[in-house]
Amino acid sequence: MTETYLTQPIDEQSARALAEGGLRLSLVDTSDDAAFDEWLRADHRGFLGGRPSDETLRETRDYQRDLRTTGVYDDSIPAAASPVGTANSWIAPLTVPGGAAVGSWAISNVTVAPTHRRRGIARALLGAELRTAHALGVPIAILTVSESVIYGRWGFGPATFASEWRVDTKRVRWAGPATTGTLSFTEPEAYRETGRAVLHAVMASRAGEIEQTPYHADRVIGPLKGNSLADKYRLVRYDSPTGEPEGFVSYVVKDADDFVRHTVDVTYLAAATDEALTALWRYLLELDLVAEVHIDTRGVDEPLHHLVSDVRGARVVGVQDHLWVRILDVPAALGARRYEQDGELTIEVTDDMGFAGGRYRMRVSGGEATVESTTASPDVTLPVASLGSVYLGHDAARHLALAGKLTGDADALDRVFRTAVPPRLSTWF
Ligand SMILES: CC(C)(COP(=O)(O)OP(=O)(O)OC[C@H]1O[C@@H](n2cnc3c(N)ncnc32)[C@H](O)[C@@H]1OP(=O)(O)O)[C@@H](O)C(=O)NCCC(=O)NCCS
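Source: prediction; values computed, not measured.

Rules used throughout
- Residues numbered from 1 in each chain as written.
- Predicted model: local features only at pLDDT ≥ 70, side-chain atom pairs only at ≥ 80, totals over all residues.
- Heavy atoms only, no water.
- Near = heavy atom within 4 Å.
- Polar contact = N/O pair within 3.5 Å; in protein donor to acceptor, adjacent residues only side chain to side chain.
- Areas by Shrake-Rupley, 256 points an atom, 1.4 Å probe, with all protein chains shown as cover.
- Nonpolar A, V, L, I, M, F, W, Y, C, P; charged D, E, K, R; others polar.
- Domains from an automatic or database assignment.
- Contact = heavy atoms within 4.5 Å.
- Buried area = accessible area lost by both parts, 1.4 Å probe.
- Salt bridge = Lys/Arg side-chain N within 4 Å of Asp/Glu carboxyl O.
- Helix = DSSP H or I, 4+ residues; strand = E, 2+ residues; numbered from the N terminus.
- 1 Å grid on protein atoms, 1.4 Å probe; cavity = no way out; pocket = protein on both sides within 12 Å on 5 of 7 lines; lining within 4 Å.
- Points joined across faces, edges and corners; volume = space filled by probe spheres on them.
- Axes fitted to C-alpha atoms, helices over the stretch in contact; angles between N-to-C directions.
- Parallel < 35°, antiparallel > 145°, perpendicular 65-115°, else oblique.
- Bend = angle between axes of the 7 residues up to and from the residue.
- Buried < 20%, exposed > 50% of the residue type's maximum accessible area, 1.4 Å probe, protein only.
- Core = buried A, V, L, I, M, F, W, Y, C linked by side-chain atoms within 4.5 Å.
- Left-handed = near helix turned anticlockwise from the far one by under 90°.
- Phe/Tyr/Trp six-rings, centres within 6.5 Å; stacked < 30°, edge-to-face > 60°.
- Lys NZ or Arg CZ within 6 Å of the ring centre and 35° of its normal.

Draft legend 1. Highlighting the site of the ligand. Around the ligand there are 20 residues in total, and Val110, Arg118, Arg123, Ser146 and Glu147 lie nearest to it. The contact in question runs from an oxygen atom of the ligand to an N or O atom on the backbone of Ala122, over 3.0 Å. A distance of 3.3 Å is found between an oxygen atom of the ligand and a side-chain nitrogen or oxygen belonging to Arg153. If the ligand stood free it would expose 890 Å²; the protein chains cover 74% of that surface. Here the shell around the ligand is built from residues that sort into nine nonpolar, five polar and six charged.

Rendered as structure tokens:
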């Protein structure tokens, strides 16, 4: 599958639609450094970043060569080598309820030059990604988003939510259990392989997490080239009492006018076990000369309120949509996850793009679902985006019904799909 997704030809429907507007859709040869650099520069510009240095380009090329990389080019611009649209994709193992890892079409770096916005370039790019994934039999597409108003139109629904916290560490004391194991400072170069293995364990342990590519893993273990705060990064590892690496925290201490009131900005807290989680939280909350710990992209069930002496000293300052899921193959996707309640349900899925629409009978027995097409009348009718929203166990059905994004027996759908532990994605891609 890895080779196929890289070499699968460009989607003809999107290529034709763009050609009508004088634009060319093309796969980028990532072994051609000059062409790839132009694509990377356009991507940085699209996300309002600075001009990447040669060092940054070299590093990113090495990390991202194996991704399917698409560009849109306007050949009417004299001597233009820079694409006016970018996207890349790869097949990422997505952890689903029950613990299986489902190869999912991860889409990233979707940008369109402001000179060419709102001419349908993103529509062509997304259509191309979804049709290619579908043609290759990939059952699910996933992405994280800059703005939550964009991707619903292509059948994606918000499937995990993430919380952001500010903790007043002068106000709270540790109220959790005695902590065990060893904490020690380390450096990214020394810890890289271990850190990737810890991340693998973290990702495998929760529905909604994806196996991180080396690029995404290394970015949270330590700063990559061009990070203006690189010299401020700190990395602390947690090892269990028997010496097993089970977690780490990477963070930056921000300058403060008052030397006893610094803020710690956590880049990433990885905990493969409860012991690692409590030890690392305790470490953060008890730092001297620090008054605030800021962390985001945590699950909606982060247990922090129960670990501090003063619940209001640990504030959730935001909760927002994070992973968006687009189901492409209903029987394959529903059959891949496990369920916490047995039962039967007939669902009718509508899909404007034609990939997933149909009426399906689910029979869940022993936590496993068999899914087949049916003509029986549906218990629930929902657009494919709503199915994406409930797929990973998030109990959204009642809210979707309230919003008119699902009709029928929402409670029955919730009972089958929701999980006791909410899904979480703790990284961006
Ligand atoms: C988001 C972005 C890729 C859209 O590209 P685009 O080529 O202008 O989009 P299209 O012309 O194909 O628009 C397709 C549809 O999406 C809508 N749309 C696109 N971007 C939107 C936005 N930011 N907010 C609301 N609607 C948007 C368009 O209005 C259009 O709607 P319609 O089908 O109802 O007419 C582009 O604005 C961009 O590069 N933004 C900055 C980088 C970014 O945020 N990328 C997304 C990363 S997750």
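Draft legend 2. Quick peek at the domain arrangement of the protein. Entries for the protein in the domain assignment read domain 1 (2–138), domain 2 (163–320) and domain 3 (329–417). The C-alpha centroid of domain 3 is placed 31 Å from the C-alpha centroid of domain 1. If you look at the interface, domain 1 gives 11 residues, while domain 3 gives eight residues. Here domain 1 meets domain 3 over a buried area of about 790 Å², counting both sides, of which 77% is carbon and sulfur. Considering only the side of domain 1, the residues that lose the most area to domain 3 are Pro97, Leu130 and His134, jointly responsible for 52% of the buried surface there. Taken together, the connections running from domain 1 to domain 3 amount to zero salt bridges. The interface formed by domain 1 and domain 3 includes one residue pair in polar contact (both at pLDDT 80 or more). Elements that contribute at least two residues to the side of domain 1 that touches domain 3 include exactly strand 3 (85–95) and helix 5 (121–135). Ranked by residue count, the leading element in the side of domain 1 that touches domain 3 is helix 5, at four residues.

Draft legend 3. Representation of the layout of surface pockets in the model. Volume-wise, the second largest pocket comes out at about 450 Å³. Lining the second largest pocket are 26 residues, with Phe156, Gly157, Ala385, Ser386 and Lys405 sitting closest to its centre. If you list the elements that add at least two residues to the lining of the second largest pocket, you get strand 6 (157–158), strand 14 (323–327), helix 10 (384–391) and helix 11 (397–402). Tallied by class, the residues present in the lining of the second largest pocket amount to 12 nonpolar, eight polar and six charged.

Draft legend 4. Representation of the packing of helix 3 (residues 33–46) against helix 4 (residues 54–64). The geometry of helix 3 relative to helix 4 is characterised by a closest axis approach of 10 Å and an angle of 105° between their N-to-C directions. Overall, the two elements helix 3 and helix 4 adopt an arrangement that is roughly perpendicular. Counting all contacts with helix 3, which are made through Asp33, Phe36, Asp37, Trp39, Leu40, Arg41 and His44, the residues of helix 4 involved are Thr56, Leu57, Thr60, Arg61 and Gln64. The residue makeup of the contact of helix 3 with helix 4, split by class, is four nonpolar, four polar and four charged.

Draft legend 5. The arrangement of helix 6 (residues 188–204) in detail. At Thr194, helix 6 shows its largest bend, some 40°. Residues of helix 6 that are buried: Pro188, Tyr191, Arg192, Gly195, Val198, Leu199, Val202 and Met203. Tucked into the core, helix 6 has its buried residues touching strand 3, strand 8 (182–186), helix 7 (214–221), strand 9 (233–239), strand 10 (245–254) and strand 11 (262–271).

Draft legend 6. Structural context of the nonpolar core. Counting 76 residues, the largest nonpolar core has Phe156, Ile347, Tyr391, Leu413 and Phe417 as its most contacted members. No other element matches helix 5, which puts seven residues into this core. Two domains each provide a minimum of three residues to this core, namely domain 1 (2–138) and domain 3 (329–417). Setting aside its immediate chain neighbours within four residues, Leu413 contacts Leu345, Ile347, Val380, Leu382, Val390, Ala397 and Leu406.

Draft legend 7. Broad picture of the side chain of Ser240. You can see Ser240 is positioned in the loop between strand 9 and strand 10. Apart from residues lying up to four places away in sequence, Ser240 is in contact with Gly181 and Glu246.

Draft legend 8. Representation of helix 12 (residues 410–417) within the structure. Within helix 12, six of the eight residues are buried, which leaves it mostly tucked inside the rest of the structure. For helix 12, every residue scored as buried is listed here: Ala410, Ala412, Leu413, Asp414, Val416 and Phe417.

Draft legend 9. The packing of helix 6 against helix 7, seen in detail. Interaxial distance between helix 6 and helix 7 falls to 9 Å at its minimum, and their mutual angle equals 120°. One way to sum up the angle between helix 6 and helix 7 is to call them oblique. The two elements helix 6 and helix 7 cross, and the hand of that crossing is right-handed. From helix 6, Pro188, Tyr191, Arg192, Gly195, Arg196 and Leu199 reach across to helix 7, where they touch Pro214, Ala217, Asp218, Val220 and Ile221. Across the contact of helix 6 with helix 7, the residue classes break down as seven nonpolar, one polar and three charged.

Draft legend 10. Examining the packing of aromatic side chains more closely. What the rule picks out here adds up to 10 aromatic pairs. The interplanar angle of 35° and the centroid separation of 6.1 Å between the aromatic rings of Phe248 and Tyr268 together place this pair among those described as tilted. A residue pair is termed long-range when its members are at least 10 positions apart, and Phe248 in strand 10 and Tyr268 in strand 11 qualify at 20 residues. For the pair formed by Phe248 and Tyr268, the shared burial category is buried. Where Tyr251 meets Tyr283, the ring centres are 6.2 Å apart and the plane angle is 50°; that geometry is what we call tilted. With Tyr251 in strand 10 and Tyr283 in helix 8 (residues 274–285), the pair connects residues that are 32 residues apart, well separated along the chain. Across the pair, Tyr283 and Tyr251 agree in class, each one buried. Taken together, the ring pairs in this structure connect Tyr151, Trp154 and Phe156 into an aromatic cluster. Sitting over the face of the ring of Trp154, Arg153 holds its NZ or CZ atom 5.8 Å from the ring centroid.

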